[in-house]
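The lines below spell out each chain.
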Amino acid sequence: MLIQIPKVLSADEIEHFRQQLKLANWDDGRHSAGYLSRRVKDNAQLPDRDPVAESLGEIILASLDRNALFTSAALPLKIVPPLFNRYEVTQTYGPHIDGAIRPVTGTPCRVRTDLSATLFLSDPAEYDGGELMIQDTYGERSIKLSAGDMVLYPGTSVHRVSPVTRGVRLASFFWIQSMVRDLAHRTTLFQLDNAIQSIARDVPGHTGLVELAGVYHNLLRDWGDT
Ligand code: NI
């Protein structure tokens, strides 16, 4: 299940991010890649615990905390502090899978990467190439969103970033451990929540709503961990 979360950041926030990232202390992305990924990864990345990454990451997390669509789709338990990458012309990240367990640098905390998130920070008109290509059961999906929009996809997916052929692609990326580990269960809860929301909109006060909300919470109680 691929889910688009529009407008995680406002135009003013995007501008602030881009000013900060211009001056940031970029590192070779290979330094943070695992043994297999290192061979296919060619980008720049802000180091873990970088102060710019930490302050921008907090803005993203605060926005997601208020985002009903993100909460419904991800049912987040823990989120890795957001990281940032930059691809210039010819840079790319070949097919890879993200590590299953992500330690949070400087803390004893580990996050199981149930969901991956990419938040686009460059406008699609500014660069060519640089699509996020995600393999799912329908084949490969090509994702290139407006600055400020985010895609959520299962951490189990093989994915890549196609080579940038013009301009610069800036993005933030991070992982989420969900309260609901199983993708099928999480998808069912998301669909049920969407159905409840749409009935509540169209037929407010429908007597079945309380019962449906009860089913939602009973499933969440059964399938969720805290
Ligand atoms: Ni990846």
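Shown above is the structure to which this text applies.
As a starting point, this report considers the structure included with it.

**Observations concerning the coordination of the nickel ion**
Ideal geometry at a metal centre gives angles of 109.5 degrees when four donors are arranged tetrahedrally and 90 or 180 degrees when six donors are arranged octahedrally.
Piece 1. Those donors, His96 (NE2), Asp98 (OD) and His159 (NE2), are the protein atoms that reach the nickel ion, and they lie 2.1 to 2.2 Å from it.
Piece 2. Of note, the nickel ion draws all its donor residues from one chain, in the sequence arrangement H-x1-D-x60-H. Of this pair, His96 sits in strand β7 (residues 92–96) while His159 is found in strand β15 (residues 159–161), placing the two residues 63 residues apart along the sequence.
Piece 3. Given a relative accessible area of 5%, His159 falls into the buried group.

**What to know about the pattern of salt bridges**
Piece 1. What the rule picks out here adds up to 9 salt bridges.
Piece 2. In this structure, the salt-bridge partner of Glu88 is Arg86, at a minimum N-O distance of 3.4 Å.
Piece 3. Residue Glu88 is classed as partly exposed on the basis of its relative accessible area of 34%.
Piece 4. For Arg86, a relative accessible area of 22% corresponds to the partly exposed category.

**Examining the sheet that holds strand β12 (residues 132–136)**
Piece 1. Strand order in this open sheet of 5 strands is β3-β7-β15-β12-β13, and the pairing throughout is antiparallel. Bordering the open sheet on either side are β3 (41–42) and β13 (139–143), each of which pairs with just one other strand.
Piece 2. Inspection of the sheet shows β12 paired to β13 by 5 bridges, in the antiparallel sense. Looking at the pairing, Leu132 lines up with Ile143 of β13.

**Some details on the packing of aromatic side chains**
Piece 1. Applying the stated criterion to the full structure yields 2 aromatic pairs.
Piece 2. Arranged with centres 6.3 Å apart and planes meeting at 55°, the rings of Phe17 and Phe84 form a pair that is tilted. Of this pair, Phe17 sits in helix α1 (residues 11–22) while Phe84 sits in strand β6 (residues 83–87), placing them 67 residues apart in sequence. The exposure classification of Phe17 matches that of Phe84, with both residues buried.
Piece 3. Between Phe173 and Trp175, the aromatic rings sit 5.7 Å apart at their centres with planes inclined by 90°, giving edge-to-face as the arrangement. The burial state of Phe173 is the same as that of Trp175; both residues are buried.
Piece 4. Directly above the aromatic system of Tyr127 lies the positively charged group of Lys144, at a separation of 4.3 Å from the ring centroid.

**Thoughts on the side chain of Ser72**
Piece 1. Relative to the helices and strands, Ser72 resides in helix α3 (residues 68–74).
Piece 2. A polar atom in the side chain of Ser72 sits 2.7 Å from the side chain of Asp193.
Piece 3. If near-sequence neighbours (up to four positions away) are discounted, Ser72 is found in contact with Phe190 and Asp193.

Conventions we followed
Residues numbered from 1 in each chain as written. Predicted model: local features only at pLDDT ≥ 70, side-chain atom pairs only at ≥ 80, totals over all residues. Heavy atoms only, no water. Donors = N, O, S within 2.8 Å, 3.2 Å for Na, K, Ca; no water. Helix = DSSP H or I, 4+ residues; strand = E, 2+ residues; numbered from the N terminus. Buried < 20%, exposed > 50% of the residue type's maximum accessible area, 1.4 Å probe, protein only. Salt bridge = Lys/Arg side-chain N within 4 Å of Asp/Glu carboxyl O. Pairing = 2+ DSSP bridges. Phe/Tyr/Trp six-rings, centres within 6.5 Å; stacked < 30°, edge-to-face > 60°. Lys NZ or Arg CZ within 6 Å of the ring centre and 35° of its normal. Polar contact = N/O pair within 3.5 Å; in protein donor to acceptor, adjacent residues only side chain to side chain. Contact = heavy atoms within 4.5 Å.

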